[in-house]
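Notes for the structure review
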Amino acid sequence: MISRHTRVLPSLACATLPLLACTCAQAAEEGGFFEDSRTDLVLRNYAFNRDFRDHSAGKSLVNEWAQGFILKFTSGYTRGPLGFGVDALGLYGVKLNSSRDQSGSELLPVHDDGKAADEYGRVAVAAKLRLSASELKVGEMLPDIPVLRYDDGRLLPQTFRGAALVSREWEGVSLYGGRYDQVSLRNSADLQDLSSWSAPTAKSDAFNYAGAEYRFNDQRTLVGAWYAQLEDIYTQRYFNLLHKQPVGDWVLGANLGLFFDRDDGRALAGEIDSHTAYALLSANRGGHTVYLGLQKVGGTGMWQSVYGSSGRTMGNDMFNGNFTNEDERSWQARYDYDFAAVGVPGLVSMVRYGKGDNATTRAGSGGKEWERDVELGYTVQSGVLKKLNVRVNHASNRRSFNSDFDQTRLIFNYPISL
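If you're wondering where the values come from, they're calculated on a predicted model, not measured in any experiment.

**A closer look at the overall build of the protein chain**
Check the secondary structure of the protein chain and you find one helix and 22 strands. For 418 residues, the compact-globule formula gives about 22 Å, and the C-alpha radius of gyration of the protein chain, at 22 Å, lands near that figure. On the principal axes, the C-alpha backbone points of the protein chain span a range of 65 × 60 × 55 Å. Put simply, the protein chain has 418 residues, and 46% of those count as buried. Contacts in the protein chain between residues far apart in sequence, at least 24 positions, make up 59% of those at least 6 positions apart. Entry remark: accessible area of the protein chain is about 20000 Å², with carbon and sulfur atoms responsible for 55%. Placing the 45 positive and 49 negative side-chain charges of the protein chain at their respective mean positions leaves the two points 3 Å apart.

So, in structure tokens, the structure goes:
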């Protein structure tokens, strides 16, 4: 159900953000950090089509088109040993095409009658404090850490409300800690309680995390250790290694990760005692990059993550899934090409195929699935439309435990610095 504030918030965003930018700009000038403040607007036009293979189903086609506006204001810090600042997001989405029998792309909120909202939006603000090389933010943010990655895969990005601390006082070392208690999904104008992908209806009071990363070997190697807790649902430990190694004309890469998940407190999502390991290996030469991904989920329960968040941390994450069901084992092969190598900068392409088996789901054990993705993108390099990015991608999904579908998306992103 859409909040009664859905239609009010876009107007509020338009009225509040210029005032906020003006106020912060004055503070920046007085505090001496005006040069570090910036305002950016992203115009995002998004067309989404998903054709379910079973045309006898209740909804065989999802087809929507929408226009998004993402206004981002980032202040600098006041002068002195203790600096203060403000970050703000203005989010506004408008329906261009949809119908009751073809809604549900998650570009737009959907009313109880099945119709997509004509418009929706909100304002998200976070205060920030900097001392030496440490920064604390309180408010609504876009967390992008291994144990919690916000989702920006539709019209507007997902946000989380809470507090986050990052400290880089020692060379090569980054320390993280924080707590989030509310989330606004990518197709919502409201804040709501947190839950997990494994049990979306089981609500949690908060998500807590702590982590440490160390970069060395001329920044080519990173090791990390993380702990996370979605209260009364799961706890998670995560260890990872990233490395790039030049070998002649080649650059070899490795992205290795290991998760250990357990149920927590009242165990609202049931018993969880799982482990997930992945390895994403790469080789780059000129404009060519090839990848091989291997992944395995073992124990009791699927890989755990916060509902609505992205699965980009996983080695076999793809457009529509990441092969993280209980007991599932999967592999992925991918090829990227950057046409700058042949004198066409800005043009890139990608094709990949992923396959999983032995999955345990609500439909039973032994589940199988595969996904094939193709994408072509171009970023304008000069002229009036410089930085305009156009992407078209297509995905085919086949699953023994869920509906099969083919999906096409056309996305225009035009960033404007104000």
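That covers the picture; the talk isn't over yet.
**Overview of the pairing of strand β12 (residues 207-216)**
Of the pairings in the sheet, the one linking strand β9 (residues 173-184) to β12 comprises eight bridges and is antiparallel in character. Bridged to Y176 within β12 is G211. Of the strand pairs in this sheet, β12 and strand β13 (residues 221-230) are connected by ten bridges, and their pairing is antiparallel. Considered in β13, the bridge of A212 is made with A225. The hairpin formed by β12 and β13 contains four residues between the paired strands, and N217 there has a positive phi angle of roughly 60 degrees.

**Some words on empty space enclosed by the protein**
Following the criterion strictly, the structure yields two cavities of 30 Å³ or more and no others. There is about 60 Å³ of room inside the largest cavity. Along the walls of the largest cavity sit P146, V147, L148, R149, Q236, F259, W303, Q304, S305, S309, S310 and T313, which together make up its complete lining. Taken together, the residues of the lining of the largest cavity sort by class into five nonpolar, six polar and one charged. There is about 40 Å³ of room inside the second largest cavity. As for the second largest cavity, its lining consists of L91, Y120, R122, L156, P157, Q158, T159, S184, L185, R186 and S188.

How each quantity is defined
- Residues numbered from 1 in each chain as written.
- Predicted model: local features only at pLDDT ≥ 70, side-chain atom pairs only at ≥ 80, totals over all residues.
- Heavy atoms only, no water.
- Helix = DSSP H or I, 4+ residues; strand = E, 2+ residues; numbered from the N terminus.
- Rg over C-alpha atoms; globule rule 2.2 N^0.38 Å.
- Buried < 20%, exposed > 50% of the residue type's maximum accessible area, 1.4 Å probe, protein only.
- Contact = heavy atoms within 4.5 Å.
- Areas by Shrake-Rupley, 256 points an atom, 1.4 Å probe, with all protein chains shown as cover.
- Lys, Arg positive; Asp, Glu negative; His and termini not counted.
- Charge placed at Lys NZ, Arg CZ, Asp CG, Glu CD.
- Pairing = 2+ DSSP bridges.
- 1 Å grid on protein atoms, 1.4 Å probe; cavity = no way out; pocket = protein on both sides within 12 Å on 5 of 7 lines; lining within 4 Å.
- Points joined across faces, edges and corners; volume = space filled by probe spheres on them.
- Nonpolar A, V, L, I, M, F, W, Y, C, P; charged D, E, K, R; others polar.

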